[in-house]
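Listed below, chain by chain, are the residues.
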Amino acid sequence: MEQGLARRSRRGAAATATAQVWRLFTQFGSTIILARLLTPDSYGLVGMVLAISALADQLTDLGLSQAVIQRRVVTHRQVSALFWINVVVGLSLGVILAAASPLVALFYGHDELVGIALVVAPSYLISGALVQHQALLQRQMKFGSVAARDVIGRTTSIGVAITLAALGAGYWALALMPVSGALARAALVWSACDWRPSRPAKAEGLGPMLRFGGSVAASDLLGYVSRNADNVLVGRFSGPAALGYYSRAYALLLLPLQQVNQPVNMVAIPTLSRLSDQPARYRSYYRAAVFTVSLLALPLVVLMALLADVFVTGLMGPAWDGVVPIFQVLAIAGFAQAISSTAIWLWVSRGRADQMLRLSVVTRPLTVASFFAGLPWGPVGVAWAVSIASVVTAIPMLLSATHGSPVRLFDVVLSITPAALASVVLAAVTLGVRNAFTLAPFAELVVAGSAGATAYVAVVLAVPSWRRRVRGVLGNKGSGDAEQPRPRAATEAETLRPGQEETTVLLKYQQDEEKTVFLTFPNAKASRTDQLSPDPLGLEPLLPLEKGDLADGRRTSAFPWRRRRRKSS
C-alpha cells in the first residue's frame, strides 16, 4: 500500500503539473490579448463585483469538500447529504448576490455593477453542485482527471471572454467568465465521477463533518476577507482604474505561483491525511513538498520582481505601466503566502481545523487593519501593507500548525534554505546582465531572465545535499521510505452494521491498477467470493458499506477499496 500511495501521489502531482503548464500558457496568453482589447476600467468594474462576490466562493464549499477528503471513513448517505447542503447554500448565495446588486452599485458609485452582479450570481449554484463530485475524485487521488477537467473549463471561459471582447462587449466579456467556466467544469466533473446523490435525507455521523467543515469554512471566510479587503478598499477610495492596475498586478503575480502551488496542494492534503498515523513518513513528505514549493516559487518571484518593468509592459502594453510598482511590492507577499499556505496542509490533514480557525480569528483582522494603514498612499501603499502582513503572519501560522504535529518549524526553515541562498545568486546575475548590456525590452527579458535562471539551477545542483533532495523529489522519495506500522484496518463495525442481510455488490479497489471484484456480506461477517482475501480486514475501505449504499453498482463503483499488502510469514 505504501508503494501504491507513493505511486499515486507521484502520478497525481505529475498530471496536475502538466495541466498547470497548459493553464499557465493559456492564462498568460489571455492576459496579453484581453489587456489589449479591454481597458483598466473594465477590469476594475468587474473586479469590484468579484471582490465582494468572492465571499460566496468561500461559503459555497463550506469546508465540506475537505471534510470528505480528510476523513478515513465516509458513507454514501453522508456524501449525498453534504451535496444537497452545498446546492442549497450555492442557490441561496446566488439569490443574495442578485438581490444585493443595487447595494453593491451604491457602495462603489457605479450603476453598471447591477448587471455584472446579476450575470455572476448563477455561478454559485453551479459551483455548489460539483463540490462533492470533485471531492470524491480527489479522495480517490484521481488528480489527473480533476486537473484535465479544470483546464478544459478554464480554457472554455477564456475562449468566451476573448470572443466577446473582440466583438466589442467590453466588461461583459469578463463578467461572463465565471458562469461559462462553472458550467463547463460542472458538466465535465459529473461525467468523470459516476457517483450520484440520492434524494435529500438525514444521515448519521454528519455532526463531526459539519463541525470540521464549519471550522474550515470560517477560517477560509476570514482568509477571504483579508485577501480581498484590499481590492474593496482600493476600488472604493481610488476608483476602477486604480483597482484595474492593482488587480492585474496581483493576478500576474499569482498566475505563475499558482502553477507551482496548486499541483502540490491538490496532492498534499489527501496524501498527508493517509500518512497521519505514520509520523516519520508524514514529516518526510511535508519537508519534500515544502522544498518543492520553495524551489520553484522563490526564483519565479525574484525574477518577476527584478524584470517587472519589461515583463509587464511587454505583456500588456504601455497603458498598463501603473502595474509595475504594485507588482514589485506584492512579490514579497507572493512568496510568504506560498510557504505559509502549507500550514493548511498540516491543520486539515490532522483534522485540526479548530486550531486553524482560532489563529485566523486573531491574525486576519490585524491583516485587514494594515490595509487601512496603507490606504493613504494609494494602491502601492496597500501593496506594502499586504506584503508586510503576509510576512508577519506567516510565522505564527507555521508555529501553530507544526505544534503537536510530527513537523517542526525548523523543518520549514531547512526546506526553504536552498532556494533562498540560490536566489541570491540569481538576483546578482540578473541585475549584472541588465546593467552590463543595453537591449530591447523583450531581449532583455529573455537574456537576463535566462542568465539568472541558469545560475540558480547551477547553484542548486552544485551542492551535493541539495542535488540529492532534488533527485528525491523527482523520484518521490520525499514521501518517506522508512518502514512504518501499517494503518489500522477497518473493523467490521465500520464496514457493516450488525444484522445486515446478505448482499452481493460490485465494487472496485485500487492496487497497482483498478480492478473489479465481487464481495458478499452475510449478516455481520464479510467474505470474498474470489480468492483474493478471506476476510474483510484484508481491505481498507475509503468508504464503509451500508445496506442502502449497496443497491447498485453505478453508485458504489465511485468508492474504491484498496487491498492491503500482507507480510509473508
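Residues numbered from 1 in each chain as written. Predicted model: local features only at pLDDT ≥ 70, side-chain atom pairs only at ≥ 80, totals over all residues. Heavy atoms only, no water.

1. Topic: the overall build of the chain
Reasoning step 1: In terms of regular secondary structure, the chain is built from 24 helices and 5 strands.
Reasoning step 2: For the chain, buried positions account for 54% of its 569 residues.
Reasoning step 3: Across the chain, every contact between residues at least 6 apart in sequence was considered, and the portion connecting residues at least 24 apart equals 81%.
Reasoning step 4: For the chain, the accessible area works out to roughly 23,500 Å², and carbon and sulfur atoms hold 65% of it. (Helix = DSSP H or I, 4+ residues; strand = E, 2+ residues; numbered from the N terminus. Buried < 20%, exposed > 50% of the residue type's maximum accessible area, 1.4 Å probe, protein only. Contact = heavy atoms within 4.5 Å. Areas by Shrake-Rupley, 256 points an atom, 1.4 Å probe, with all protein chains shown as cover.)

2. With respect to the packing of aromatic side chains
Reasoning step 1: Under the defined criterion, the tally for this structure stands at 9 aromatic pairs.
Reasoning step 2: Relative to W195, the ring of F83 has its centre 6.2 Å away and its plane inclined at 70 degrees; by these criteria the two rings are edge-to-face. With F83 in helix α4 (residues 76–99) and W195 in the loop between α11 (177–192) and α12 (206–238), the pair connects residues that are 112 residues apart, well separated along the chain. Considered together, F83 and W195 belong to a single accessibility category, that of buried residues.
Reasoning step 3: Ring plane angle 90 degrees and centroid distance 6.0 Å describe the contact between Y245 and W320, whose orientation is recorded as edge-to-face. A residue pair is termed long-range when its members are at least 10 positions apart, and Y245 in helix α13 (residues 240–274) and W320 in the loop between α15 (308–316) and α16 (323–340) qualify at 75 residues.
Reasoning step 4: With relative accessibility at 1%, the residue W320 sits in the buried group.
Reasoning step 5: What links up through ring pairs into an aromatic cluster is the set F83, W84, W190 and W195.
Reasoning step 6: Across the ring face of F237, the terminal group of R236 is positioned such that the distance to the ring centre comes to 5.5 Å. (Phe/Tyr/Trp six-rings, centres within 6.5 Å; stacked < 30°, edge-to-face > 60°. Lys NZ or Arg CZ within 6 Å of the ring centre and 35° of its normal.)

3. Points about helix α17 (residues 342–349)
Reasoning step 1: With 7 of 8 residues buried, α17 is to be regarded as a mostly interior element.
Reasoning step 2: Looking at α17, one finds that the buried residues are T342, A343, W345, L346, W347, V348 and S349.
Reasoning step 3: A positive phi of about 70 degrees marks G351, the residue just after α17.

4. Examining a nonpolar patch on the surface
Reasoning step 1: On the surface, I332, V380, W384, I388, V391 and V392 cluster together to form a nonpolar patch covering roughly 510 Å² of accessible area.
Reasoning step 2: When residues in the nonpolar patch are grouped by element, the largest group, 5 residues, is from helix α19 (residues 378–402).
Reasoning step 3: As for its placement among the helices and strands, I388 is situated in helix α19. (Patch = residues over 30% accessible without salt bridge, like charges linked within 9 Å, V, L, I, M, F, W, Y side chains within 5 Å. Salt bridge = Lys/Arg side-chain N within 4 Å of Asp/Glu carboxyl O.)

5. So, the environment of T363
Reasoning step 1: Within the secondary structure, T363 sits in helix α18 (residues 353–374).
Reasoning step 2: Residues T363 and V392, spaced 29 residues apart in sequence, show a C-alpha to C-alpha distance of 9.4 Å.

6. With respect to the nonpolar core
Reasoning step 1: Counting 134 residues, the largest nonpolar core has L113, I116, Y246, Y286, F327, L330 and W345 as the members making the most contacts within it.
Reasoning step 2: Broken down by element, this core gets its largest block of residues, 16 residues, from α13.
Reasoning step 3: Contact partners of L330, with chain neighbours within four places excluded, come to Y246, A249, Y250, L253, A383, V386 and S387. (Core = buried A, V, L, I, M, F, W, Y, C linked by side-chain atoms within 4.5 Å.)

7. Notes on the confidence of the model for the chain
Reasoning step 1: Confidence in the prediction for the chain averages 75 pLDDT; 78% of positions are at 70 or higher.
Reasoning step 2: Per-element confidence in the chain ranges from a low mean pLDDT of 33 for strand β4 (residues 539–541) to a high of 92 for helix α20 (residues 409–436).
Reasoning step 3: Here residues 477–569 is a poorly scored stretch, pLDDT under 50, and it has 216 contacts once near neighbours within four places are set aside; other chains count. (pLDDT = per-residue confidence, 0-100.)

8. Brief notes about the packing of α16 against α17
Reasoning step 1: Taken N-terminus to C-terminus, the directions of α16 and α17 make an angle of 20 degrees; their axes are 4 Å apart at the nearest point. One finds that α16 runs roughly parallel with respect to α17. For the pair α16 and α17, contact is made by A338, I339 and S340 and by T342, A343 and I344, respectively.
Reasoning step 2: Residues of the contact of α16 with α17, tallied by class, amount to 4 nonpolar, 2 polar and no charged. (Axes fitted to C-alpha atoms, helices over the stretch in contact; angles between N-to-C directions. Parallel < 35°, antiparallel > 145°, perpendicular 65-115°, else oblique. Nonpolar A, V, L, I, M, F, W, Y, C, P; charged D, E, K, R; others polar.)

9. Re the packing of α12 against α18
Reasoning step 1: The geometry of α12 relative to α18 is characterised by a closest axis approach of 9 Å and an angle of 10 degrees between their N-to-C directions. As summarised for this structure, α12 and α18 are arranged roughly parallel, according to the angle between their axes. Of the residues in α18, those in contact with F212, S215, V216, A218, S219, L222, G223, V225, S226, A229, D230 and L233 of α12 are A353, D354, M356, L357, S360, V361, R364, T367, V368, F371 and F372.
Reasoning step 2: Each residue belonging to the contact of α12 with α18 can be placed in one class, and the counts come to 14 nonpolar, 6 polar and 3 charged.

10. Looking at the pattern of salt bridges
Reasoning step 1: Taken as a whole and judged by the stated rule, the model has 6 salt bridges.
Reasoning step 2: Close ionic contact of D354 with R358 constitutes a salt bridge, the shortest N to O distance being 3.7 Å. In this pair, D354 and R358 are both assigned in helix α18, 4 residues apart and thus about one turn of the helix distant.
Reasoning step 3: On the basis of relative accessible area, D354 is assigned to the partly exposed category, the value being 31%.
Reasoning step 4: Salt bridges here are not isolated pairs; linked through shared partners, they connect R283, R287 and D411.

11. Structural notes on helix α21 (residues 441–462)
Reasoning step 1: Look at α21: 31 Å from first C-alpha to last across 22 residues, which is about the 32 Å you get at 1.5 Å a residue.
Reasoning step 2: Those residues of α21 lying buried are E444, A448, G449, G452, A455, Y456 and V460. Within α21, the buried residues cover an arc of 135 degrees as seen down the axis, which keeps them to one side. Across from the buried face of α21, at angles greater than 90 degrees, the exposed residues are F442, T454 and A462. (Expected span 1.5 Å × (residues − 1). Arc of directions from axis to C-beta.)

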